[in-house]
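# Summary of the model geometry
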Amino acid sequence: MNLEEIERRLSLFKGKLKDNSLDVALVFSPLNIYYLTGLWIKGFLFVTSDDIALFVRRPFEQTKKLCKLPTYFLEGFKSLSEILKEKWGHKIGLEYRAFSWEEGEKLKKILKDFELVSLDNIIWDLRMKKSPFEIACLREAGKRLSKALNITLAQFKPGMKELFASALLEKALRELGHPGYTRSVNNFELSYGYLISGKEGLFALPFTTGEGGRGLEGFPGGASLKRLRKGEAILMDFSGFYKGYYVDQTRMASFGRVKLAEPFYRASLEILTNLEKIAKPGISCSELYCVAENIVKKYGFQEFFMRHGDKINFLGHGVGLEIDEPPVISPRNEQKLEENMVIALEPKFHIPDLGVIGLEDTFLVTSAGLKRLTLYSRDWIYLN
């Protein structure tokens, strides 16, 4: 990450602190420290209107060499109260989601003399709107995901285990620079993505996600030891990655036609193409969901729409450093889209004895509407 990008983010962050009358911000989560500094550390980032410093537990010596910010060794959090008194802060911003309950209770005792305020929404407001640097990373992630599919799909054969087919796609993505792990705001465990086929793809997970799959014993979700069969729908919901940033895409494939799937596929495609036309800055997440739901009603598919085990009231989500960031595209979320947000839309249908049918693309919100960042053809893929 270049210095100009880091300086831009820190400047915006300082502005947010001033707007919220915060004396000090303490950023503890490694991902948000990375977002604001380009460094991975155990410790915290200290920010006021005048000062910025890193307090590092590990790796201290390496960070001191790499970092242009003042960098101090952190003995332990017990010294935090004294550090803050030295720096004149009283109203302290903390990321509540960065701590377990136990850690939070310890910090509250250490900081009992200070007023504590959540930083979570302040940081999300920054991260939701992407910079030109971030958008370039997301575009490249989309290109790499398309390239991996082009490399892989011709290798799929009937009778191949889902797990083996998934591994072929994962290998291509790994060779293109994917870390093999997809970060999630909601803390569910996910590698590159899900390759599932047939009705086994309906197997529900305890996470809020567009589909499930049996996975493996002890690691549910996604590809299993089941074999790919002719006449069954294959769903591939995979992430692309570049320099920390993810895109999210779902495509459908099969060996031969799956006639029962075709009307559901058309409905999913119609939802996406309609949302592309109407979504723009100022429209709310709930309005987008309502448009999708009206198309579903037109087809008479209400009982199958976004029904991963039980009804899940979402249509999509933000994407960036994590695969499922705010905003959530749901019927209850009145948040409005803003320019330079990045969202994934994933209208999917869960049909007994057929499986999960649907599409997903990642989009940049521009002043003129949505611009697609995942460019692989939306056509149903017929495998040889």
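On a predicted model such as this, the values are computed, not experimentally measured, just so you know.

Turning our attention to the pattern of salt bridges. Enumeration according to the criterion identifies 25 salt bridges in this entry. In this structure, Lys 348 and Asp 237 form a salt bridge, with 3.0 Å as the shortest nitrogen-oxygen distance. With Lys 348 in strand β13 (residues 348-351) and Asp 237 in strand β8 (residues 234-242), the pair connects residues that are 111 residues apart, well separated along the chain. Neither residue differs from the other here; Lys 348 and Asp 237 are each classed as buried. The closest approach of N and O atoms between Glu 276 and Arg 378, which form a salt bridge, is 2.9 Å. One end of the pair, Glu 276, is in helix α9 (residues 262-278); the other, Arg 378, is in the loop between β16 (369-372) and β17 (381-382), with 102 residues separating them in the sequence. According to the relative accessible area criterion, Glu 276 is partly exposed, its value standing at 22%. Classification of Arg 378 as buried rests on a relative accessible area of 10%. A single network of salt bridges, built from pairs that share partners, joins Arg 97, Arg 127, Lys 130, Glu 322 and Glu 325.

In this section: the layout of surface pockets. The computed volume of the largest pocket comes to approximately 850 Å³. Phe 28, Pro 30, Ala 98, Phe 99 and Glu 103 are, among the 31 residues lining the largest pocket, the residues nearest its centre. Taken together, the elements giving at least two residues each to the lining of the largest pocket come down to α2 (30-37), β2 (42-47) and α5 (101-110). At 5 residues, the largest contribution of residues to the lining of the largest pocket is made by α5. Of the residues that constitute the lining of the largest pocket, the class distribution is 13 nonpolar, 7 polar and 11 charged. There are two domains that each give the lining of the largest pocket at least three residues, and those are domain 1 (3-127) and domain 2 (129-382).

What follows concerns the nonpolar core. A general trend in soluble globular proteins is that nonpolar side chains are found buried together. Of all hydrophobic cores here, the largest spans 64 residues; its most connected members are Phe 13, Leu 45, Leu 119, Phe 156 and Met 236. Inspection of this core shows a minimum of three residues originating in each of domain 1 (3-127) and domain 2 (129-382). Membership of the second largest hydrophobic core comes to 43 residues, among which are Leu 235, Cys 285, Phe 314 and Phe 363.

As a further point, take the UniProt feature "domain: Peptidase M24" (unreviewed entry) in the protein. In the UniProt entry, the feature "domain: Peptidase M24" (unreviewed entry) is given for residues 137-366. What you have in residues 137-366 is 27% helix and 22% strand, and the ends, taken at the C-alpha atoms, are 16 Å apart.

As a further point, take empty space enclosed by the protein. On inspection of all chains with the given rule, the structure shows 3 cavities of 30 Å³ or more. The calculated volume of the largest cavity comes to roughly 40 Å³. Taken together, Asn 32, Glu 95, Arg 97, Asp 120, Ile 123, Trp 124 and Arg 127 form the lining of the largest cavity. Residue contributions to the lining of the largest cavity peak at 4 residues, all from helix α6 (residues 120-128). Taken together, the residues of the lining of the largest cavity sort by class into 2 nonpolar, 1 polar and 4 charged.

Looking now at the sheet that holds strand β12 (residues 342-345). As summarised here, the arrangement of the 5 strands in space is β11-β10-β12-β15-β16, forming an open sheet in which the pairing is antiparallel. Each of the sheet's edge strands pairs with one partner strand only, and the pair in question is β11 (325-329) and β16. Between one strand and the next, the sheet's axes are offset by a mean angle of 30°, whatever the strand orientation.

Each value, and the rule that gives it
Residues numbered from 1 in each chain as written. Predicted model: local features only at pLDDT ≥ 70, side-chain atom pairs only at ≥ 80, totals over all residues. Heavy atoms only, no water. Salt bridge = Lys/Arg side-chain N within 4 Å of Asp/Glu carboxyl O. Helix = DSSP H or I, 4+ residues; strand = E, 2+ residues; numbered from the N terminus. Buried < 20%, exposed > 50% of the residue type's maximum accessible area, 1.4 Å probe, protein only. 1 Å grid on protein atoms, 1.4 Å probe; cavity = no way out; pocket = protein on both sides within 12 Å on 5 of 7 lines; lining within 4 Å. Points joined across faces, edges and corners; volume = space filled by probe spheres on them. Nonpolar A, V, L, I, M, F, W, Y, C, P; charged D, E, K, R; others polar. Domains from an automatic or database assignment. Core = buried A, V, L, I, M, F, W, Y, C linked by side-chain atoms within 4.5 Å. UniProt positions renumbered as here; feature names shortened; annotations may be inferred. Pairing = 2+ DSSP bridges. Axes fitted to C-alpha atoms, helices over the stretch in contact; angles between N-to-C directions.

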